[in-house]
Structure formats: C-alpha cells, structure tokens
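# Close look at the chain arrangement
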Amino acid sequence: MQSSNHRLRDMEQHHPLLSAGADVETGILGAGVMVGGPNSGHTVGNRTVWFIQDSCGMVCATMTWFLVLYAEFVVNFVMLLPAKNFWYSLLNGATFNSLAVLALASHLRTMLTDPGAVPKGNATKEYMESLQLKPGEVIYKCPKCCSIKPERAHHCSICKRCIRKMDHHCPWVNNCVGEKNQRFFVLFTMYIALISAHALGLSGMHFFTCIKVQWNECSDFSPGVSVLLLIFLCLEAILFLTFTAVMFGTQIHSICNDETEIERLKNEKPTWERHMRWDGMKSVFGGPPSLLWCNPFTGLHLRRLLAGTQGRRGGSEFSV
C-alpha cells in the first residue's frame, strides 16, 4: 500500500488543477484585497498584481530602497564625481549604477511576483467531487486558508496563503520566497552583495587618496560630512555584504539539493523526484546556463502590462 505522500503525488498527476499552474487555470488567484471596489480589479491576462499588505514588510522594503539609494548618492556625489580621473569615475560609476539598477529590479520582481500561492478556498465539497478521486487517493486540506494543499506546500501566516516550495518569508522583500520567485530573490542577494563589495572597495580607495592630499580637494562636501557619510556607507556595506553573501550561498545550496529551508529545518524526508545540482539550477532559473539567468527582466511583458493598465476601468487589485 502506498504512503499518503505517494498517493498525493499520484493524485496530482491525474488532476492537473493541483499543478503549478492551478492558480491561473482556476482563476482563483484574484481573490484578495481590492482597491477601488470589489469589481474593479487590475488584471494582466488572468493574473492580478501581487502585493502583500504587511506593515512590517512594507517598512523593510522601503528601508532597502532607501539604503541602496543612499549608497548611490555617496558613491556618485561624494566619491566619483569629484574625482580627477575621468575614466576612473566613468567605469566605476557605470558598473556601480548598473548593478544597483539590477538589484532594485530584482527586489521588485521578488516582491511583486506570486511566489506560488495555492488557490485560496478551493477545498469545497463541489470542487472535491469534481476531482473524481479514486479509492485510496489522498489529498490534504489546509485548515487555515481552506485550500487543497499540494506536496511541498506550506502555509505562510503573513501571506495567509499556502505557498508551493516555500523557502521562507523575507520581510526585506515583503513576500514569501517560493517556487515562482526564488530566482529573483537569488539575483537580489547576488547584486546587493556585489554593490556592497564595490562600495567598500571604492570607500577604501577614496580614504587612501584623500589621506595623501587635502580632504577639500577630494570631495565637494566638508571633511566632517564626507567622513560621516563614508563611515555610514562602510557599515551599511559590511552588514549587507555579510547578510546577502550568506543568504546567496544558502539559496544556491538549497537549489542544488532541491530542498527548501523549511524542509531542511523540519528534516523532511524527500518523497519527490529531486533535481540535483545543475538540474536544480535549470529548474529554478529556466533553461541551460546563459546570461539570461542574471537578467531580472526575463519574462516581463511590458506591452501586455501597459495594455492591461490602459484598458482598466477601476483601481488596482492586490492579491494577499
């Protein structure tokens, strides 16, 4: 006799409504908090804009943007623009600003992408009967969001949804990290680590250069203000570099072992077919290794988004 987990997996193969695309196919993803009235949702195709209305997460996400923009200000206006070497300023400015844009784009994609939410409230009697389950087939119901719970899904108390392959809920991106947005979270940690390391290197060079000459010649700001701005930037860069580098390594390790952080902490034995190493990376980032893996704009359809925005009649809909 099969175990319940194996029976669940067999049932999912026979019933595609429990697959990764179930939220779009069933049209239940739109259930959420709507701004502008209950019938005035902003949808793109069959999808709604995903945004978690959590006060702590929104504050942390705002702080993330503020700190990145602060680093941009110090690097550009305190260190690079006053520099006498044109090519030094141009190359470092182009590199740092490009990485900062990629980091913020990755943050937005992580925050505004559905992490893999299971359709909410689909565990109804009528829906259960429509599945036409065979004798011995087992499905699981989440008592908190009243949804049919696929294998490897966990309930998030902040998102108030069951999330497929949920790794953890990160307040800094105000969203869960799950099946559909993990790649963007990995890119976010990578680019933040890179700009933090770059900012530390530039700060060291700036201090070394200004020690040789007068501080007034190194910056358009007064020596006291320049030193305070640089010290705060260095502290910020050290903290961000340490945190994001560790998180990046943890995420890559989880992907290569096909094991989420929750599954590791709960010591859950895998009952699924594991995608190890490069197979795991391909399943998360999509396709063979290429530069597209580093592109946070992949899969973003601006024309469809603009068309949906121009054609709407009400406010925006936010799924929670």
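Residues numbered from 1 in each chain as written. Predicted model: local features only at pLDDT ≥ 70, side-chain atom pairs only at ≥ 80, totals over all residues. Heavy atoms only, no water.

### Details of the pairing of strand β7 (residues 161–164)
Neither face of β7 is exposed, since Arg 161 and Ile 163 on one face and Cys 162 and Arg 164 on the opposite face are all buried. Counting the residues that bridge the hairpin from strand β6 (residues 153–156) to β7 gives four residues, and of these Lys 160 lies at a positive phi of roughly 60°. (Buried < 20%, exposed > 50% of the residue type's maximum accessible area, 1.4 Å probe, protein only. Helix = DSSP H or I, 4+ residues; strand = E, 2+ residues; numbered from the N terminus. Pairing = 2+ DSSP bridges.)

### Let's talk about the packing of helix α4 (residues 86–112) against helix α6 (residues 182–212)
Closest axis-to-axis distance for the α4/α6 pair is 8 Å, and the angle between their directions is 150°. As the angle between them shows, α4 and α6 are arranged roughly antiparallel. Seen along the crossing, α4 lies across α6 with a hand that is left-handed. Where α4 abuts α6, its residues Tyr 88, Asn 92, Thr 95, Phe 96, Leu 99, Ala 100, Leu 102, Ala 103, Ser 106, His 107, Arg 109 and Thr 110 lie against Phe 184, Phe 185, Leu 187, Phe 188, Tyr 191, Ile 192, Leu 194, Ile 195, His 198, Ala 199, Leu 202 and Met 205. (Axes fitted to C-alpha atoms, helices over the stretch in contact; angles between N-to-C directions. Parallel < 35°, antiparallel > 145°, perpendicular 65-115°, else oblique. Left-handed = near helix turned anticlockwise from the far one by under 90°. Contact = heavy atoms within 4.5 Å.)

### What to know about the packing of aromatic side chains
For the structure shown, the criterion picks out six aromatic pairs. Ring centres of Phe 285 and Trp 293 lie 5.3 Å apart, and the angle between their planes is 25°; on these two criteria the pair is classed as stacked. Both residues of the pair, Phe 285 and Trp 293, belong to the buried class. An aromatic cluster is built from Phe 73, Phe 77 and Phe 221, whose rings are joined through pairwise contacts. (Phe/Tyr/Trp six-rings, centres within 6.5 Å; stacked < 30°, edge-to-face > 60°.)

### Quick notes on the pattern of salt bridges
The full count for this structure, using the stated rule, is two salt bridges. Among the ionic pairs, Asp 114 bridges to Lys 180, the shortest N-O distance being 3.8 Å. Remark: Lys 180 occurs in the loop between β9 (175–177) and α6 and Asp 114 occurs in the loop between α4 and α5 (125–130); sequence separation between them is 66 residues. When its relative accessible area of 11% is taken as the criterion, Asp 114 is described as buried. For Lys 180, a relative accessible area of 26% translates into the label partly exposed. Arg 264 is the salt-bridge partner of Glu 261, the closest N and O atoms lying 2.5 Å from each other. One end of the pair, Glu 261, and the other, Arg 264, are both in helix α8 (residues 261–265), three residues apart, so they sit about a helical turn from each other. (Salt bridge = Lys/Arg side-chain N within 4 Å of Asp/Glu carboxyl O.)

### What to know about the pairing of β6
A regular strand carries its side chains on alternate faces of the sheet. Bridge count for β6 against β7 is four bridges, and the pairing is antiparallel. Counted as the bridge partner of Cys 156 is Arg 161 from β7.

### Quick notes on the confidence of the model for the protein chain
Mean pLDDT over the protein chain works out to 78, with 77% of the residues at or above the 70 mark. No element of the protein chain has a lower mean pLDDT than strand β1 (residues 33–34), which averages 31, and none a higher one than α4, which averages 96. Low pLDDT (under 50) marks residues 312–320, which in the prediction has 40 contacts with non-local residues, meaning those over four places away or in another chain. (pLDDT = per-residue confidence, 0-100.)

### Things to note about a nonpolar patch on the surface
On the surface, Val 59, Met 63, Trp 172 and Phe 243 cluster together into a nonpolar patch covering about 360 Å² of accessible area. Structurally, Met 63 is set in helix α3 (residues 55–80). (Patch = residues over 30% accessible without salt bridge, like charges linked within 9 Å, V, L, I, M, F, W, Y side chains within 5 Å. Areas by Shrake-Rupley, 256 points an atom, 1.4 Å probe, with all protein chains shown as cover.)

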